[in-house]
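Understanding the architecture of this molecule
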Amino acid sequence: VPASGDAAVARALAPTEWTSVTSRREGYLQAVDTDRLLALAVKHGRVLRLQHMIGSFVADGSIVIHVSGRAPVPDTLASELRSSLAIGRQRTVEQ
């Protein structure tokens, strides 16, 4: 299958409905625990999409993660997702 076919398949399988998880604090996105996010996505049968890149400023109450599906994100899962993101007052040296 050519690469363009792979892209078409990916688009066809991509979620069309999303809910979101919002930040409970403000600051710079310093790190993302991608292994933990992947494990949570697999465990809950969801697709995750990060709203911000590392180094971006995140406002309190802003969307940080989009979660596939129409059903609301349970509070326990939202908390686990948030804890996979390190948000701090300053950018790190690497940023």
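These numbers come from a predicted model, not from an experiment. (Residues numbered from 1 in each chain as written. Predicted model: local features only at pLDDT ≥ 70, side-chain atom pairs only at ≥ 80, totals over all residues. Heavy atoms only, no water.)

1. Details of the overall build of the protein
- Across its full length, the protein holds three helices and six strands.
- Each helix and strand of the protein, ordered N terminal to C terminal, gives the series α-β-β-α-β-β-β-α-β.
- In the protein, which comprises 95 residues, the share counted as buried stands at 29%.
- In the protein, 78% of the contacts between residues at least 6 apart in sequence involve partners at least 24 apart.
- Of the roughly 6300 Å² that the protein leaves accessible, carbon and sulfur atoms contribute 55%. (Helix = DSSP H or I, 4+ residues; strand = E, 2+ residues; numbered from the N terminus. Buried < 20%, exposed > 50% of the residue type's maximum accessible area, 1.4 Å probe, protein only. Contact = heavy atoms within 4.5 Å. Areas by Shrake-Rupley, 256 points an atom, 1.4 Å probe, with all protein chains shown as cover.)

2. Examining the packing of aromatic side chains
- On inspection of all chains with the given rule, the structure shows one aromatic pair.
- Ring plane angle 75° and centroid distance 5.4 Å describe the contact between Tyr-28 and Phe-57, whose orientation is recorded as edge-to-face. Taken together, the residues Tyr-28 in strand β2 (residues 27-32) and Phe-57 in strand β4 (residues 57-58) connect sequence positions 29 residues apart.
- By relative accessible area, which is 25% here, Tyr-28 ends up partly exposed.
- When the ring centre of Trp-18 is taken as reference, the NZ or CZ atom of Arg-49 above it lies at 4.2 Å. (Phe/Tyr/Trp six-rings, centres within 6.5 Å; stacked < 30°, edge-to-face > 60°. Lys NZ or Arg CZ within 6 Å of the ring centre and 35° of its normal.)

3. A closer look at the pairing of strand β1 (residues 18-22)
- Of the two faces of β1, the one holding Thr-19 and Val-21 is buried and the one holding Trp-18, Ser-20 and Thr-22 is not buried anywhere.
- Relative to strand β5 (residues 63-68), β1 runs antiparallel, the two being bridged by five bridges. Directly across from Thr-19, in β5, lies its bridge partner Val-67. (Pairing = 2+ DSSP bridges.)

4. Details of the side chain of Thr-19
- Along the chain, Thr-19 falls in strand β1.
- Thr-19 has contacts with Arg-46, Ile-65, His-66, Val-67, Gly-69, Arg-70, Ala-71, Pro-72 and Val-73, leaving out every residue within four places of it along the chain.

5. Concerning the nonpolar core
- With 15 residues, the main nonpolar core has Val-21, Ile-65 and Leu-81 as its most contacted residues.
- Mapped onto this core, the elements with two or more residues apiece are β2, α2 (34-44), β5, α3 (75-82) and β6 (85-88).
- Residues contacting Leu-81, with those up to four places away along its chain left out, are Val-21, Leu-37, Leu-40, Leu-48, Ile-65 and Val-67. (Core = buried A, V, L, I, M, F, W, Y, C linked by side-chain atoms within 4.5 Å.)

6. Considerations on the sheet that holds strand β3 (residues 48-50)
- The strand order across the open sheet formed by three strands is β1-β5-β3, and the pairing between neighbours is antiparallel. Taken across any chain shown, the strands that pair with only one partner, and hence form the sheet edges, are β1 and β3. Between one strand axis and the next, the sheet turns by 25° as a mean value, whatever way the strands run.
- Pairing of β3 with β5, which is carried by three bridges, proceeds in the antiparallel orientation. (Axes fitted to C-alpha atoms, helices over the stretch in contact; angles between N-to-C directions.)

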